[in-house]
Amino acid sequence: MHLLVCGGTGCRASQSERIAGNLKEEIKNLGLENEAQVVITGCFGFCEKGPIVKIVPDNTFYTQVKPEDCKEIISEHVLKGRKVTRLLYEDPSTKEHISDSKHMGFYQKQIRIALRNCGFINPENIDEYIARDGYAALGKALTEMTPQQVIDQIKKSGLRGRGGGGFPTGLKWEIAAGNKADQKYVVCNADEGDPGAFMDRSILEGDPHSIIEAMAICGYCIGATKGIVYIRAEYPLAIQRLKIAARQCREYGLLGADIMGSGFDFDIELRYGAGAFVCGEETALIHSMEGLRGEPTVKPPFPAQSGYMGKPTNVNNVETFANVPAILLKGAEWFSSIGTEKSKGTKVFALAGKINNVGLIEVPMGTTLREVIFEIGGGIKDGKKFKAVQTGGPSGGCLTEKHLDTPIDFDNLIAAGSMMGSGGMIVMDEDDCMVSVAKFYLEFTVDESCGKCAPCRVGNKRLHEMLEKICSGKGTIEDVEYLKNLGAVIKDTALCGLGQTSPNPVLSTIEHFYDEYKAHVTERICPAGQCKALKLYTILADKCTGCTACSRSCPVGAISGEKRQPHVIDADKCIRCGACYDKCKFTAIHVQ
Amino acid sequence: MFNNVFSVMEKIKITIDKKEIEVAKGTTIYQAAKDNGIHIPTLCYLNLDHLKIENRPGGCRVCVVEVEGRKNLAPSCSTECTNGMVVKTHTVRVLNARKTVLELILSDHPKDCLICSSSGQCDLQKLSQTLGIREIHAVENAAVSTYRKDVSPALKRDMDKCIMCRRCETICNTVQTVGALSAINRGFMSVVAPAFEQDLIDSPCTFCGQCVAVCPTGALTPFDDTGRVIRALSDPTKTVIVQTAPAVRAALGEEFGMEPGTLVTGKMVAALRTLGFDKVFDTDFAADLTIMEEGTELLGRISKFLEGDKNVKLPILTSCCPAWVNFFENNYQDMLDVPSTARSPQQMFGSIAKNYYTQLLGIKREDLVVVSVMPCLAKKYECQREEFKTNGNPDVDFSISTRELASLIKAANIDFNALEDDDYDSPLGESTGAAVIFGATGGVIEAAVRTAYELFTKKKLEKIDFTELRGLEGIRTASIDFNGTMINIGIAHQLGNARKLLDGIRAGLYNFHAIEIMACPGGCIGGAGQPLHHGNSDVIKARFDAIYREDAGKKIRKSHENPYIVKLYEEYLGHPLSEKAHHLLHTHYFEKNKN
């Protein structure tokens, strides 16, 4: 019997390590070391219900486990074979307890390929990876296939880049393979910069070997002996796991010279990002590795032709690589049987926002937004109404109710005015102000712009200022038109993907939520009630007793009135802090 | 990518603005357009092809064009033509984009054109006029990126006006390899500055001023000394004399609408006299003097070497370029006894003026104001170096640039084009052809060779023109036959090339006897005080040719044959490298630790 404890960062923050420790201690106390073993694994994905403890082989899935529950789990489940019912997942509609995760609404529609090992193995143990067919794909490639045959399989599978660009991976490898040079490089882009995104982090923390294996296969295909993982410094656990994995590989001869006796040399090194979102752009990433300022350069030339140190370089995202070993082992036909016509396979999404089941999911391309949000995601939290879903992070757009039946794939999302991006999916409800959402994303891109090209450096700043003006109640309808034109020109002229997509949140919210913008500028109200500056605080004269509690609490002296006379708030001075509302004992303060 | 290299390669066809043209494969859209008379505006792209200097960040996004089949607009400077490409350079979509981008740049730019020293020369101002910008859309109190201002003796930095074209960064780092400027900060506040936003005076800056020469706005400008000229000329107690560098006469005319390469020596003298200078002398006189001193020094070292002296320092390095001297003091402190100890012509002139000429006039040195007109900004720094002062009084009081002289002439309402040619005054105004070629790369060493040859071989030079020393390639070498003894010469212009030569010398790789270094592209004619070339290297080539034309037209073309120089030695200095000459005309160098 194995007790798998989720070691993903979310569950770790909820003391999953202590849980693992307590379980081990209880096993020892009851002398059950020969019957039961505790394994810390990668992310199970059901972050909303963490910390997760899964018992195998009976597949009992315990949720929201606390360190105090460990004694009971061991004494009841392990020793006596009796499940601890109160820790089982309760279906919100049927109220039934569900023991096996495959019956849960969250998991039923998921197919985990990139996440195949997350939640199953100890990522710090190479033997567990090998036991689940790890490095078999590399072995097959090195001993049974030529580089071109491997490339053909990847091409046939239809795998497209999972970092956001969606470029056909097999074709990218083929181009790099075709360029002659004395040294080539395989680069894994592990800079995952989208705010709130943690798809790549989970793969790196939960299954680092899948990346190493894929990079080695790629090196074999394109003729590179060196691999570099560019990983953001904000992922210390992933860095640690990669280092352990690489060390174990070298000990086993799976990295280094003459891998598996094939004559193929390959090894990897790590390089750290230093807090720049723009360094997720492949040319900026390469320049960062070269010790230069992390700024993108014009493409062409593309990295496959001239990349790191001017040599042919293949850059792929973590999730793209994670799919490669599975494709080689199970075949291109299998992979291309999943998904839509132009987007094959699955996609990992980080589901967040006003949704019941927050977590990490992997679904076949073609799954609809409705299925993801309402079946897998369990619907909107607190019974509120769905308003929009933001896909693609700061580069994407907002999709509305009328898009809910869109099958998710690269081209459909672009046609709908958004993009897949790297997999961030933020769900919004009626209390979210779409103008504020656009402003939030622009705050991010203004901060992260490298500053090289004028449209992004100055243009995004101006877009942001204009949105601030609108959210503070000082905007006009002409300002909204200005946002549209400026946003379109920035998209048309910016040098790199950051600037080319940063206006998307503004443009898509203007398109789909024009009425909300109009309300902000012509009526000066925020329909969602989120923009503080547009809240109107007034005193109901019939309820006001003139006790002066509010005027005394006002930090800017906006409230005036005689004692025992109804007081009045000066809307121009009012900073909408809400202090008066909190102080009034007569509910005489009305907030609009 | 240097487009002229591709002229022998495969040809492809593109359509640009409905015109079908043939271009070499690898040509960019921008270059293809330029070669066919279609002007695409730009702010950051710079290609001085005669000098192999290119800046191409693709960042201003002003040169964008429509390319059929491409979703977004393409930066024409960085997009190569492909066979069958259809390009449109001035559609409504493109114009809207260019205007919007320019508006954005202007929204973060000070609006003080009226008093900005770049007004009338500013590429940003010109583009704004061309595109008809009348309004800048932005919120009230829109954010602007502002920075501390930095004033150095030679140039001023006002980075509020920086548009991040990166030309200064490229020229300082890649071309000059000085490394004083690079991009700092991220996003809206990004700017080009010295490390830790130091002032230039504390940085490795050599004051070559090439950053000023390429800056498209008023962010980097020369230090303005015209006020000092007016004050000096207005002071009745002072005798104010002026010396003019060779490179000025080949470029001053450009400021008055003349073709680049027009020699305006006579008009320049006339204008200076009209402005009110008591005497108009020529730095070229002092250049002949420099040749006497440095040529003798060179021969001295060569003779010792040929006699078997193992300790003698060869090659001898020319030392008349102050930016080069700064570069040397920063980077080659272990070799400070290698350059010639001769001062630059500007400084030799100042020293002779304040010691010898004051004697002739019977006035105190404090009552003589020596002004120089230079193509150079580093000369402003050079004249205030402590070692060139006596009791706090500088040998050269201050230096103005070619452009500052032009602005004085315009302010004084002098019709330059209508001036009658005038001659320099004596005794400090007569010079040879050898002196005038100081203005071009290779000129100093050719002048030195003309004199050294005759002194060494005691024979008359048959052929005065040493064409093997001429040209615009960054590093050139030649061996001159001194009647059986081969003298090896190395020449470099642009400090990056100087570094290559110096690193090689330090490593003991070469056997040069003499090396000439100029910091500026093309030599002094490409100096930062000259009229702006706006990215057209044909201007520099034209000035270069003009210098050699002036030399060819002179009766006396070897420095040692200048009768006034001969007289100066007879009457005052004695002989080259005499004690007096050492005291007045030579210097030593300092360790600077700024790299």
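Residue numbering note: each chain is counted from 1, following its sequence as written. Labels are handed out in written order, letters beginning with A for the chains and numbers beginning with 1 for the ligands. Thresholds applied to this predicted model are a pLDDT of at least 70 for local features of residues and 80 or more for the giving and counting of side-chain atom pairs; totals over whole chains, interfaces and linings are not thresholded and use all residues. With hydrogens and water excluded, all non-hydrogen atoms of the structure serve as input to the side-chain values.

1. Thoughts on the domain arrangement of chain B
Residue and element names in this part refer to chain B. To keep it simple, the criterion reads: Where a domain begins and ends is set by an automatic assignment or by a domain database. Summed over both partners, the accessible area lost on bringing two parts together, with a 1.4 Å probe, is the buried area. Between Lys or Arg on one side and Asp or Glu on the other, a salt bridge is scored when a side-chain nitrogen of the former is within 4 Å of a carboxyl oxygen of the latter. Pairing of N or O atoms within 3.5 Å defines a polar contact, subject to two protein rules: one partner must be a possible hydrogen donor and the other a possible acceptor, and residues neighboring in sequence count only if both atoms are side-chain atoms. Under the convention adopted here, Pro, Cys and the residues Ala, Val, Leu, Ile, Met, Phe, Trp and Tyr are nonpolar, Asp, Glu, Lys and Arg are charged, and Gly plus all remaining residues are polar.
When the domains of chain B are assigned, the result is domain 1 (11-90) and domain 2 (101-222). Placing the centre of domain 1 and that of domain 2 at their C-alpha centroids yields a distance of 25 Å. A combined buried area of about 1000 Å² lies between domain 1 and domain 2, and 74% of that area is made up of carbon and sulfur atoms. The tally of links from domain 1 across to domain 2 stands at zero salt bridges. Where domain 1 packs against domain 2, one counts five residue pairs in polar contact (both at pLDDT 80 or more). Among the residues forming the side of domain 1 that touches domain 2, the class breakdown is nine nonpolar, one polar and two charged.

2. A few points about the pattern of salt bridges
All names here are of chain B. Stated precisely, the cut-off is as follows: Starting at the N terminus, helices and strands are each numbered in turn, a helix being any DSSP run of H or I of at least four residues and a strand any DSSP run of E of at least two. Classification of residues uses two cut-offs on accessible area relative to the type maximum, computed with a 1.4 Å probe and protein chains only: under 20% is buried, over 50% is exposed, and between them is partly exposed.
Applying the stated criterion across every chain yields a total of 80 salt bridges over all chains. Close ionic contact of Glu 454 with Lys 558 constitutes a salt bridge, the shortest N to O distance being 2.7 Å. With Glu 454 in helix α14 (residues 443-457) and Lys 558 in the loop between α16 (537-552) and α17 (563-573), this residue pair connects regions lying 104 residues apart in the sequence. Of the two residues, Glu 454 and Lys 558, both sit in the buried class. Linked through salt bridges whose partners overlap, the residues forming this network are Glu 446, Arg 450, Asp 465, Arg 470, Asp 551 and Arg 557.

3. Considerations on the interface of chain B and chain A
Where the parts come together, the accessible area they lose is often given as the size of the interface. Basically, it comes down to this: Contacts are assigned to residue pairs with any non-hydrogen atoms lying within 4.5 Å of each other.
On the side of chain A, 33 residues touch chain B, which itself brings 35 residues to the contact. Among the residues chain B hides against chain A, the three largest losses belong to Leu 104, Arg 186 and Phe 188 of chain B. Together they make up 24% of the total. In this structure, the connection of chain B to chain A is made through three salt bridges. The tally of links between chain B and chain A comes to 18 residue pairs in polar contact (both at pLDDT 80 or more). When residues in the side of chain B that touches chain A are grouped by element, the largest group, eight residues, is from helix α2 (residues 92-107) of chain B. Here the residues of the side of chain B that touches chain A sort into 18 nonpolar, eleven polar and six charged.

4. Quick look at the nonpolar core
All names here are of chain B. Put simply, the test is: Nonpolar cores were defined as sets of buried Ala, Val, Leu, Ile, Met, Phe, Trp, Tyr and Cys residues, with membership established by side-chain atoms within 4.5 Å.
Core analysis: the largest hydrophobic core is formed by 95 residues, its most contacted members being Leu 252 and Trp 324. Looking at this core element by element, the count peaks at six residues for helix α7 (residues 265-275). In this structure Leu 252 touches Val 264, Met 268, Thr 402, Leu 405, Ala 406, Ile 409 and Phe 416, once residues within four positions along its chain are discounted.

5. What to know about helix α10 (residues 208-222) of chain A
Residues and elements named next belong to chain A. Stated formally: Helices are assigned an expected span. That span is 1.5 Å times one less than the residue count.
Here α10 spans 22 Å end to end across 15 residues, near enough to the 21 Å set by a 1.5 Å rise per residue. With 15 of 15 residues buried, α10 is to be regarded as a mostly interior element. At the exit of α10 stands Gly 223, carrying a positive phi of roughly 90°.

6. A short note on the pairing of strand β5 (residues 64-67) of chain B
Residues and elements named next belong to chain B. Our working rule: At least two DSSP bridges between two strands are needed for those strands to be called paired.
The alternating pattern of β5 places Val 64 and Glu 66 on one face and Val 65 and Val 67 on the opposite face, and all of these are buried. Sheet topology places β5 next to strand β6 (residues 74-75); two bridges connect them, and they run antiparallel. Residue pairing in the sheet places Val 65 in a bridge with Ala 74 of β6. Between β5 and the antiparallel strand that follows it, β6, lie six residues; Gly 69 among them carries a positive phi value of about 90°. With two bridges joining them, β5 and strand β7 (residues 86-88) adopt antiparallel strand pairing. Bridged to Val 67 within β7 is Val 87.

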